[in-house]
Amino acid sequence: AFILAPGPALEVARAIVEAPSPYPAGRAAALAAIRVMREGAKAGNLRITDRELPWLDTMEDAVESLPDAEDAFVARMMDEVDTTRFLAGEYDL
């Protein structure tokens, strides 16, 4: 809910529109959301327990570890998903 408040939502939206294409926009949105949550917690506007705070770092590390290029991300995910559950060709994969 905190991310959907006007201020945080604008920060995430700004990250999206500044990105050159959808894949980097997704990464930028995720990083912006994490940053906004971290800042909100520091300012006392978002209550995150001490036990939950490390998850912000975990999420940030996960997003930052994603490949820069969408095709590299798709290739990585194709190795991890059960390709018998969908027709990859229908998605141009």
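All of the points below concern the structure found in this document.

1. Quick look at the packing of helix α2 (residues 22-43) against helix α3 (residues 54-64)
Then, in step 1: At their nearest, the axes of α2 and α3 sit 10 Å apart, and the two run at 160° to each other. Here α2 lies roughly antiparallel to α3, going by the angle between them. Taken as a pair, α2 and α3 cross one another with a handedness that is left-handed. Together, Arg-27, Ala-30, Leu-31, Ile-34, Met-37 and Arg-38 of α2 and Leu-56, Asp-57, Met-59, Glu-60, Val-63 and Glu-64 of α3 make up the contact between the two elements.
Then, in step 2: In the contact of α2 with α3, the residues fall into 7 nonpolar, no polar and 5 charged.

2. Concerning unusual backbone geometry
Then, in step 1: Backbone geometry at Asp-92 places phi at a positive 55°, although glycine is not the residue there.
Then, in step 2: With respect to the secondary-structure elements, Asp-92 resides in the segment after α4 (70-80).
Then, in step 3: Residue Asp-92 is classed as exposed on the basis of its relative accessible area, which comes to 74%.

3. Digging into the environment of Val-12
Then, in step 1: Structurally, Val-12 can be placed in helix α1 (residues 6-18).
Then, in step 2: Since its relative accessible area comes to 12%, Val-12 is described here as buried.
Then, in step 3: When the C-alpha atoms of Val-12 and Ser-65 are compared, they prove to be 19 Å apart, with 53 residues separating the residues in sequence.
Then, in step 4: Residues in contact with Val-12, not counting those within four places in the same chain, are Ile-3, Ala-29, Ala-32 and Ala-33.

4. Some details on the packing of aromatic side chains
Then, in step 1: All told, the structure shown has 2 aromatic pairs when counted by the stated rule.
Then, in step 2: Here the aromatic rings of Tyr-23 and Phe-73 are separated by 5.2 Å at their centres, their planes lie at 35°, and the arrangement is tilted. Of the two residues, Tyr-23 is situated in helix α2 and Phe-73 in helix α4; the sequence distance between them amounts to 50 residues.
Then, in step 3: By relative accessible area, which is 11% here, Tyr-23 ends up buried.
Then, in step 4: Overall, Phe-73 belongs to the partly exposed group, its relative accessible area being 24%.
Then, in step 5: When the centroid spacing of 6.1 Å and the interplanar angle of 65° are considered together, the rings of Phe-86 and Tyr-91 count as edge-to-face.

Analysis parameters
- Residues numbered from 1 in each chain as written.
- Predicted model: local features only at pLDDT ≥ 70, side-chain atom pairs only at ≥ 80, totals over all residues.
- Heavy atoms only, no water.
- Axes fitted to C-alpha atoms, helices over the stretch in contact; angles between N-to-C directions.
- Helix = DSSP H or I, 4+ residues; strand = E, 2+ residues; numbered from the N terminus.
- Parallel < 35°, antiparallel > 145°, perpendicular 65-115°, else oblique.
- Left-handed = near helix turned anticlockwise from the far one by under 90°.
- Contact = heavy atoms within 4.5 Å.
- Nonpolar A, V, L, I, M, F, W, Y, C, P; charged D, E, K, R; others polar.
- Buried < 20%, exposed > 50% of the residue type's maximum accessible area, 1.4 Å probe, protein only.
- Phe/Tyr/Trp six-rings, centres within 6.5 Å; stacked < 30°, edge-to-face > 60°.

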